[in-house]
Amino acid sequence: MTPKADDQSSPAATPFVRGDTLHDCPPTLDDQGVIDFCRDGFVIFPGVVPDEINSKAIDYVDNIDSNLTPPDLAHTDWFVDGVLKNPQAAGAVRALLGRDFALPVRIHNHRGPLPASNQGGWHRDGGALYTHRVEYLQVFYYPEACTDEMGPTEVLPGSHFVRTKHNMMSHYGKIAGTVSTACVAGTIFLTAFSIWHRRTRATSGPMGKSKFRNLLKYTYWRTTAPKRDWIIDPAFDFAGIDFSPTGDRALFEQSQGAIAAGKMFAWLSGVQEQYIKRGGPSWPLGPVGMPPALENPTDQP
Ligand SMILES: O=C(O)CCC(=O)C(=O)O
Ligand SMILES: [Fe+2]
């Protein structure tokens, strides 16, 4: 018997993912939330982790005093339950990666002394693809408040679709339209892996409990086929979606950012075959009722 498409992508058919690392929970993003992620390449949840967990996390990373991988956190119950399975943040992961997503197995700490005169160069993390597929998410957690003086990460909305080699971007200074992730304690933000980002300069002395700015980073993986399985608004008007990223004109060739975000949304919704880009005013900009594409639609740019 031929398995259904959905069966082929079920966790059971993915032997390299251990069952006990899978997680499911109610999604916390609706259609507009998913579109915002496609368009901007990130979503921020301020202060969602309780203070008690934040304090434990700071004590933990301060005791190992290292910017290397805190080895056990991915397998420490209070961290898994309070951070990795945090209902708001993991609910957004659930919306974007579908049911039974794989939990992170490794945690990194981007730990920076306060103050620190150097700032990071603009970059995408190693191994990034430019793609409409959301196979995994890179997620960041600030256990302490991070002010602009403490050198938060800044991200460039929409840049997850902007093709530039690392050595052609790292020297850029201030870019118009960037977003600071300065935040209250317990903030988690999710990113498309290829988003441009950098650490900003830390001008403050030691703040809070720590002499460092701690930023924990980890990755979740998809194990099921994409489909529109998030908070559904039955009245949502698909014909009226604005996919244009902030700063579209500065960053992209005209409209290309919106088209890329539209393709990502079609893929996430499980209707990629309905995405047809023929150039110019075609989907998602064109009229309803266009004739089908002449070529294989999954091959569209
Ligand atoms: O330390 C930062 O703010 C940026 C960290 C970073 O580039 C990364 O985690 O990939
Ligand atoms: Fe990075």
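Data block above holds the structure.
Procedures and definitions
Residues numbered from 1 in each chain as written. Chains lettered and ligands numbered in written order. Predicted model: local features only at pLDDT ≥ 70, side-chain atom pairs only at ≥ 80, totals over all residues. Helix = DSSP H or I, 4+ residues; strand = E, 2+ residues; numbered from the N terminus. Buried ≥ 20, exposed ≤ 12 C-beta atoms within 10 Å, placed from the backbone. Pairing = 2+ DSSP bridges. Near = placed C-beta within 6 Å. Nonpolar A, V, L, I, M, F, W, Y, C, P; charged D, E, K, R; others polar. Core = buried A, V, L, I, M, F, W, Y, C linked by C-beta atoms within 7 Å. Expected span 1.5 Å × (residues − 1). Axes fitted to C-alpha atoms, helices over the stretch in contact; angles between N-to-C directions. Parallel < 35°, antiparallel > 145°, perpendicular 65-115°, else oblique. Left-handed = near helix turned anticlockwise from the far one by under 90°. Contact = placed C-beta atoms within 7 Å.

### Structural notes on the overall build of the chain
Moving on, step 1. Each helix and strand counted, the chain has seven helices and 12 strands in total.
Moving on, step 2. With 301 residues in all, the chain has 38% of them scored as buried.

### Some thoughts on the sheet that holds strand β8 (residues 179–180)
Strand pairing within a sheet occurs via backbone hydrogen bonds; the two strands may be parallel or antiparallel.
Moving on, step 1. With antiparallel pairing, the three strands of this open sheet are ordered in space as β8-β7-β10. Taken across any chain shown, the strands that pair with only one partner, and hence form the sheet edges, are β8 and β10 (197–199).
Moving on, step 2. Sheet topology note: the strand β7 (residues 153–155)/β8 ladder contains two bridges and is antiparallel. Residue pairing in the sheet places Val-155 in a bridge with Val-179 of β8.

### Considerations on unusual backbone geometry
Moving on, step 1. Cis geometry is adopted by the peptide bond preceding Pro-115, which originates at Leu-114 and carries an omega value of -5°.
Moving on, step 2. Note that Pro-115 resides in the loop between β5 (112–113) and β6 (136–142).
Moving on, step 3. Even without glycine at this site, Asp-100 takes up a positive phi of about 50°.
Moving on, step 4. With respect to the helices and strands, Asp-100 occurs in the loop between α5 (87–97) and β3 (101–102).

### What about the site of ligand 1?
Moving on, step 1. Taken together, His-110, Gly-120, Asp-125, Thr-153, His-197, Arg-199, Leu-215 and Lys-217 are the residues near ligand 1.
Moving on, step 2. Per-class residue counts for the shell around ligand 1 are one nonpolar, four polar and three charged.

### Digging into the nonpolar core
Moving on, step 1. Of all hydrophobic cores here, the largest spans 64 residues; its most connected members are Val-34, Val-93 and Leu-96.
Moving on, step 2. Broken down by element, the residue count for this core peaks at eight residues, all from helix α7 (residues 256–268).

### Observations concerning α7
Moving on, step 1. The end-to-end C-alpha distance of α7 is 18 Å, a good match for the 18 Å that 13 residues give at a rise of 1.5 Å each.
Moving on, step 2. Burial analysis of α7 places 11 of its 13 residues in the buried class, which makes it a mostly covered element.
Moving on, step 3. Every buried residue of α7 is accounted for by Gly-257, Ala-258, Ile-259, Ala-260, Ala-261, Gly-262, Lys-263, Met-264, Phe-265, Ala-266 and Leu-268.
Moving on, step 4. Gly-270 sits one or two residues past α7 and shows a positive phi near 80°.

### Things to note about the packing of helix α2 (residues 31–40) against α7
Moving on, step 1. Closest axis-to-axis distance for the α2/α7 pair is 8 Å, and the angle between their directions is 135°. Here α7 runs oblique to α2, going by the angle between their axes. α2 and α7 meet at a crossing whose hand is right-handed. Touching Val-34, Ile-35, Cys-38 and Arg-39 of α2 are Ala-261, Met-264, Phe-265 and Leu-268, all from α7.

### Considering the pairing of strand β9 (residues 187–191)
Moving on, step 1. Within β9, five of the five residues are buried, which leaves it mostly tucked inside the rest of the structure.
Moving on, step 2. Covered by surrounding structure in β9 are Thr-187, Phe-189 and Thr-191 together with Ile-188 and Leu-190, the residues of both alternating faces.
Moving on, step 3. Bridge analysis of strand β2 (residues 42–45) against β9 gives four bridges, and the strand direction is antiparallel. Its bridge partner being in β9, Phe-42 is matched across the sheet by Thr-191.
Moving on, step 4. Here β6 pairs with β9 via five bridges, running antiparallel.

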